[in-house]
Amino acid sequence: TMLAEVRAGINARNIALSKDGKHVAVANYLPNSLVILSGDDLSVEKTFEVRDSKGNPSRVSAVYQARPRDSFVAALKDVPEIWEIATDPAAPPVYGGLVHSHEKGMVEGLASSQGLFALRRIEIPEPLDDFFFDPGYHNLIGANRDGETGVVVNLDVGREIASLPLPGMPHLGSGI
């Protein structure tokens, strides 16, 4: 018996459920969006129009729950970025660059977002088609169909820490 129906996109890639079950992330090819739905009634909570930091549009190739990080992590298909989206209402601020100041009374910086659905952008060398996490969810391991290498991105520091040669590119999961 159908209990609810919602259209989150025309061509969806995959979905992920937050660790508390309150939010569902839908990765879309069309339109270029990542839609967050309520886990209670599937109403739309937030729609991210997917563009990189330079404004270039992209499809979302994958989105997964990062349970220990209390976030969703998404790979962008057409631009070299990974997004981490907080699912914790008390998530700390996300800054777009270096912000530390030693001056007394100075504000550290202006956050680009914070709290529930705070968006953190991580630039990578090439777009990813799919990825998975190491057991501690500190590292993301991913690849794309057109590339000859896989990539390891440390999510704690927000940058690539290694690349892996993958000649012949087998299926993404087993290849990685």
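Parameters and conventions
Residues numbered from 1 in each chain as written. Predicted model: local features only at pLDDT ≥ 70, side-chain atom pairs only at ≥ 80, totals over all residues. Heavy atoms only, no water. Salt bridge = Lys/Arg side-chain N within 4 Å of Asp/Glu carboxyl O. Helix = DSSP H or I, 4+ residues; strand = E, 2+ residues; numbered from the N terminus. Buried < 20%, exposed > 50% of the residue type's maximum accessible area, 1.4 Å probe, protein only. Pairing = 2+ DSSP bridges. Axes fitted to C-alpha atoms, helices over the stretch in contact; angles between N-to-C directions. pLDDT = per-residue confidence, 0-100. Polar contact = N/O pair within 3.5 Å; in protein donor to acceptor, adjacent residues only side chain to side chain. Contact = heavy atoms within 4.5 Å. Core = buried A, V, L, I, M, F, W, Y, C linked by side-chain atoms within 4.5 Å.

Caption draft 1: Structural view of the pattern of salt bridges. Within the structure shown, the criterion is met by seven salt bridges. Taking the shortest distance from any N to any O, the salt bridge between arginine 69 and glutamate 84 comes out at 2.7 Å. With arginine 69 in the loop between strand E5 (60-66) and strand E6 (71-76) and glutamate 84 in strand E7 (residues 81-86), this residue pair connects regions lying 15 residues apart in the sequence. The salt bridge involving glutamate 84 is made with arginine 120; its shortest N-O contact spans 3.0 Å. Of the two residues, glutamate 84 is situated in strand E7 and arginine 120 in strand E8 (residues 119-123); the sequence distance between them amounts to 36 residues. No difference in accessibility class separates glutamate 84 from arginine 120, as the two residues are buried. Beyond isolated ion pairs, a larger network of salt bridges with shared partners links Arg69, Glu84, Arg120 and Asp156.

Caption draft 2: Main features of the sheet that holds strand E10 (residues 139-143). Read from one edge to the other, the open sheet built from four strands follows the order E9-E10-E11-E12, with strand pairing classed as antiparallel. The open sheet is flanked by strand E9 (130-133) and strand E12 (159-165), the only strands paired with a single partner. Neighbouring strand axes in the sheet, compared pairwise and without regard to direction, differ in orientation by 25° on average. Examined bridge by bridge, strand E11 (residues 149-154) and E12 share six bridges and lie antiparallel to one another. What sits directly across from valine 152, in E12, is alanine 162.

Caption draft 3: Broad picture of the environment of proline 68. Checked against the element boundaries, proline 68 lands in the loop between E5 and E6. For proline 68 and proline 57, which are eleven residues apart along the polypeptide, the C-alpha to C-alpha distance reads 29 Å.

Caption draft 4: Spotlight on the confidence of the model for the chain. When pLDDT is averaged along the chain, the result is 89, and 91% of the positions lie at 70 or above. Element-level mean pLDDT values for the chain span from 57 in helix H1 (residues 172-175) up to 98 in E6.

Caption draft 5: Representation of the side chain of threonine 87 in the model. Considering the arrangement of structural elements, one finds threonine 87 in the loop between E7 and E8. A polar contact of 2.8 Å, which involves the side chain of threonine 87, links it to the side chain of aspartate 70. A polar contact of 3.5 Å, which involves the side chain of threonine 87, links it to the backbone nitrogen of serine 71. The contacts of threonine 87, once residues within four sequence positions are left out, are Ser18, Asp20, His23, Asp70, Ser71, Phe72 and Leu116.

Caption draft 6: Fine view of the sheet that holds E6. Spatially, the four strands line up as an open sheet ordered E5-E6-E7-E8, and their pairing is antiparallel. Of all strands in the sheet, those bounded by a partner on one side alone are E5 and E8. Each strand of the sheet is rotated relative to its neighbour by a mean of 20°, with strand direction disregarded. With five bridges joining them, E6 and E7 adopt antiparallel strand pairing. Its bridge partner lying in E7, alanine 74 is registered against tryptophan 83.

Caption draft 7: Quick peek at the pairing of strand E3 (residues 33-38). Along E3, six of the six residues are buried, which leaves the element largely enclosed by surrounding structure. Judged by which residues are buried, E3 turns out to be covered on both faces: Ser33, Val35 and Leu37 on one side and Leu34, Ile36 and Ser38 on the other are all buried. For strand E2 (residues 23-30) and E3, the ladder comprises five bridges, and the chain directions are antiparallel. Following the sheet pairing, alanine 25 is matched in E3 by isoleucine 36. The hairpin turn running from E2 into E3, its antiparallel successor, is two residues long. Hairpin remark: E3 followed by strand E4 (residues 44-49), antiparallel, with five residues in the connecting loop; positive phi at leucine 42, about 65°.

Caption draft 8: Main features of the nonpolar core. One finds Leu34, Phe48, Val60, Val63, Phe72, Trp83 and Ile85 to be the most contacted residues of the largest nonpolar core, which totals 17 residues. Within the residue set of this core, elements represented by two or more residues are E2, E3, E5, E6 and E7. Looking at which element gives the most residues to this core, the answer is E6, with three residues. Beyond its immediate sequence surroundings of up to four residues, phenylalanine 48 is in contact with Asn32, Ser33, Leu34, Ile36, Trp83, Ile85, Phe117 and Leu119. If you look at the next biggest cluster of nonpolar residues, it comprises 14 residues, including Ile122, Phe131, Leu140 and Leu155.

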